[in-house]
Structure formats: C-alpha cells, structure tokens
Amino acid sequence: MARALRKIPLLHLDVAHRGRVRRLGLKLEEHGPTGSVKDRSVVGLLQALHDERPLTPGTVVVESTSGNLGLALARLLPSIDCVFLAVVDLKTPHATRTMLTERGARVIVVDQPDGQGGYLLSRLRRVRELCDRNPGYRWPNQYENWASPDIHRRTTGPEITEQAGPELGAVYVPVSTGGALAGISAHLRRHDVAAVAVDVHGSPAVAGSAGRRLLPGIGASRPSAFLKGPCGYDRAVHVDDIEAIAYCRILAEDVGLVLGGSSGFVVRALLTDLENGRMDDRLAVCLAADDGGKYRDTLYCDDWATEQGVVKEITAAVEQLRREGLFFNRKHQEH
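Residues numbered from 1 in each chain as written. Predicted model: local features only at pLDDT ≥ 70, side-chain atom pairs only at ≥ 80, totals over all residues. Heavy atoms only, no water.

K.L.:
I would appreciate a short explanation of the packing of helix 1 (residues 38–52) against helix 5 (residues 147–154) in the present structure.
P.N.:
What describes two packed helices is the angle between their axes and the distance between those same axes. Running from amino to carboxyl end, helix 1 crosses helix 5 at an angle of 125 degrees, the nearest separation of the two axes being 8 Å. Judged on the interaxial angle alone, helix 5 and helix 1 are oblique. Handedness of the helix 1/helix 5 crossing: right-handed. Counted together, Arg 40, Ser 41, Val 43, Gly 44, Leu 45, Gln 47 and Ala 48 of helix 1 and Ala 147, Ser 148, Ile 151, His 152 and Arg 154 of helix 5 form the full contact between these two elements. Of the residues in the contact of helix 1 with helix 5, the class split is five nonpolar, five polar and two charged. (Axes fitted to C-alpha atoms, helices over the stretch in contact; angles between N-to-C directions. Helix = DSSP H or I, 4+ residues; strand = E, 2+ residues; numbered from the N terminus. Parallel < 35°, antiparallel > 145°, perpendicular 65-115°, else oblique. Left-handed = near helix turned anticlockwise from the far one by under 90°. Contact = heavy atoms within 4.5 Å. Nonpolar A, V, L, I, M, F, W, Y, C, P; charged D, E, K, R; others polar.)

What follows is the structure in structure tokens.
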C-alpha cells in the first residue's frame, strides 16, 4: 500500500488562447501504479476497512466503480489474498473490463440506466443487494467513506502545494465521488489557494441537474456526499463534454499527452475562468486524474463518436478552438 502513494510529477505547460499565453500545471496521476488518482483513494479506503475489521485472506470486497477505483482495488487486494467483486456498467470501457478480469476481479455489469443520466444508482443498488445476501462481504463505499478525502488531504494536497510553490493560486479538480476534491480542498484552505470543482453538464454531483453524459470518470447521478455546503470547494465550473473531448484531442496532438476525459474538463474549466476574469496571474494546477489508454476506443475514436452521434460536434469544436489560437507547449516536469 505504501508503494501506491509514490510521488506524482507535475508537468508545466504554456497554453496559448485568444492571443494570450498562460502557464498551467498538470498533476499527472497517470504515473500512479494503476494510472489514476484512485490509487491513493484505495489506500485510504482499504486501511480504514482493515482498521474496522481485519481483511483476512479470502475476504470478498465488493465495490461500485466506473473503472479507475476498480483497477486500483484489483491490483492491491490480491496482494493480501482477498477477492474483488467489481460492479461496473455499460459505460465502463471494454479495455477497463478486460483489465479487471485479467487481474482476477469478478466483474458484474449493470445494464439498467438509473434515470439520472448514468448508472450509478443502479450499481449501488446491486452492491447493496449483494451485501444483504452475503453478510461477510466488505464494502469500502468510496461514495461516503471519509477515509477517501482524508488520504488526499494528507498526500495529494501537500504534494501539489510543495511542487507548485508560492506561485500557486488555484487547483482544478474533476468531481465524481468528490473525495479527491474534498481532501485537496481541506489542505488548500491553509494556504490561501482556491479549490475549484469541475463537473460535467448533466451531472448533479456539484450543484447541477441530471442529463446526458458521454464519459465515465467525471460527474455522478446524485450530489456528492463530501461536498455538501460551501466548505468543500471555493467555486464550481460545469463543462460540456464535447468541449472536454476536443481539449483532450488537442493536448494529444500538441504535446503527446493521451489523458482521460476528465483532464479535458479541468483544462477547459481553467480557460473558462481566465476568460471570465476569475483567475489571476498566479499558477493554476489541473489534476489530470488518469491516462487515456483505456479511452482510445471511445473519446479518441471517431467511430465511437459516430455511434454516439457527436462526431461532427467534436470536429467542429476542435476546429473552432484552433481558430481561436488554442495551442499547448510543454515546458518542464517537476518531480
């Protein structure tokens, strides 16, 4: 578990847009053991579960996941001879499902939409049914267990402030469960640095309303349990998923970074704040929550975009952003 808390690099980029050039930092969580920020969450969740009652060999751990937390659990649980039961849904990339199976997880796919633009509520219902029928099953409950925010308060937040230094002015964090944002925000409040919640249109995770959502890994079908009240973040930005996909594709073209969809959301949110005068000249850091390898057949694929009926929208968004002068340039990486 300690090895899952390795230090994650911060990449500095210049971004040009509408005649201005600004610096930004990308916290590249793809350098974690399973390629996402959920590696840290899992360490906190499993430690809390073990402290409550030891995780003995043969224990079955069940969790709802859109992908990344499941991959982290599938890596760590076999090392302590526990069994992992992953409850996923139809939006979970096939590459993720394959990786879960290859790592020994038992995968249950939920195919019933929850009526809130996703499958989360249906996945949670299945988890509760499994636990009711099998009292010995253990459920970390990444959606309500405060061990998740706490591990980010103790690790992710301090890393960001240390690497960015005194120039840091804001950190942009994508929201799904809200655990990473709540923990990072708790740390940033001691440093006069703004914590910005980034959500997708169609998600009520952060003060929004339910609707269509294309990508996993950001947004939810219900409000985050960790972000109730104003103390969980300083402000929120909602981003359209088409624009987020366009940003991901442009980042890949310009600097060779193939990132998960939530990274497109946070970078777009930063530029939205710059355009609206909500961000000063201090450095802004965007949490790039995962790598994009498992999304090559979805957000980076025109065939998938055609199936979703959005290929023309994505192409138009990329062309418009290029006309506005959007361009990324790699600077250097802090370790």
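K.L.:
Where do I start with the pattern of salt bridges in this structure?
P.N.:
Any two side chains of opposite charge can pair if their charged atoms end up close together. Scanning the model with the defined rule gives 24 salt bridges in all. Arg 40 serves as the salt-bridge partner of Glu 159, at 3.0 Å between the closest nitrogen and oxygen. Linking Glu 159 in helix 6 (residues 156–164) with Arg 40 in helix 1, this pair joins segments that are 119 residues apart in sequence. Here Glu 159 matches Arg 40 in class, with each residue buried. Its salt-bridge partner being Arg 268, residue Glu 243 comes within 3.3 Å of it at the nearest N-O pair. Of this pair, Glu 243 sits in helix 8 (residues 241–255) while Arg 268 sits in helix 9 (residues 261–275), and the two are 25 residues apart along the sequence. For Glu 243, a relative accessible area of 26% corresponds to the partly exposed category. (Salt bridge = Lys/Arg side-chain N within 4 Å of Asp/Glu carboxyl O. Buried < 20%, exposed > 50% of the residue type's maximum accessible area, 1.4 Å probe, protein only.)

K.L.:
Even after reading the chapter, I still don't get empty space enclosed by the protein, so can you show me in this structure?
P.N.:
To find leftover empty space, a probe the size of one water molecule is rolled over the atoms. Tallying each qualifying case throughout the model produces three cavities of 30 Å³ or more. In this model, the largest cavity occupies a volume close to 550 Å³. Sorting the residues of the lining of the largest cavity by element identifies helix 1, helix 2 (68–76), helix 4 (120–133), helix 7 (179–188) and helix 9 as the ones contributing at least two each. Ranked by residue count, the leading element in the lining of the largest cavity is helix 7, at three residues. Tallied by class, residues from the lining of the largest cavity come to 17 nonpolar, 19 polar and seven charged. Counted as a void, the second largest cavity has a volume near 50 Å³. A per-class count over the lining of the second largest cavity returns five nonpolar, three polar and one charged. (1 Å grid on protein atoms, 1.4 Å probe; cavity = no way out; pocket = protein on both sides within 12 Å on 5 of 7 lines; lining within 4 Å. Points joined across faces, edges and corners; volume = space filled by probe spheres on them.)

K.L.:
What am I meant to see in the layout of surface pockets here?
P.N.:
Taken as a whole, the largest pocket encloses approximately 370 Å³ of empty space. Along the lines of polarity and charge, the residues of the lining of the largest pocket split into nine nonpolar, five polar and six charged.

K.L.:
Please clarify how the packing of helix 5 against helix 6 should be interpreted in this entry.
P.N.:
Closest axis-to-axis distance for the helix 5/helix 6 pair is 3 Å, and the angle between their directions is 25 degrees. One way to sum up the angle between helix 5 and helix 6 is to call them roughly parallel. Contact residues: helix 5 offers Ile 151, His 152, Arg 153 and Arg 154, while helix 6 offers Thr 156, Gly 157 and Pro 158. In terms of residue class, the contact of helix 5 with helix 6 is made up of two nonpolar, three polar and two charged.

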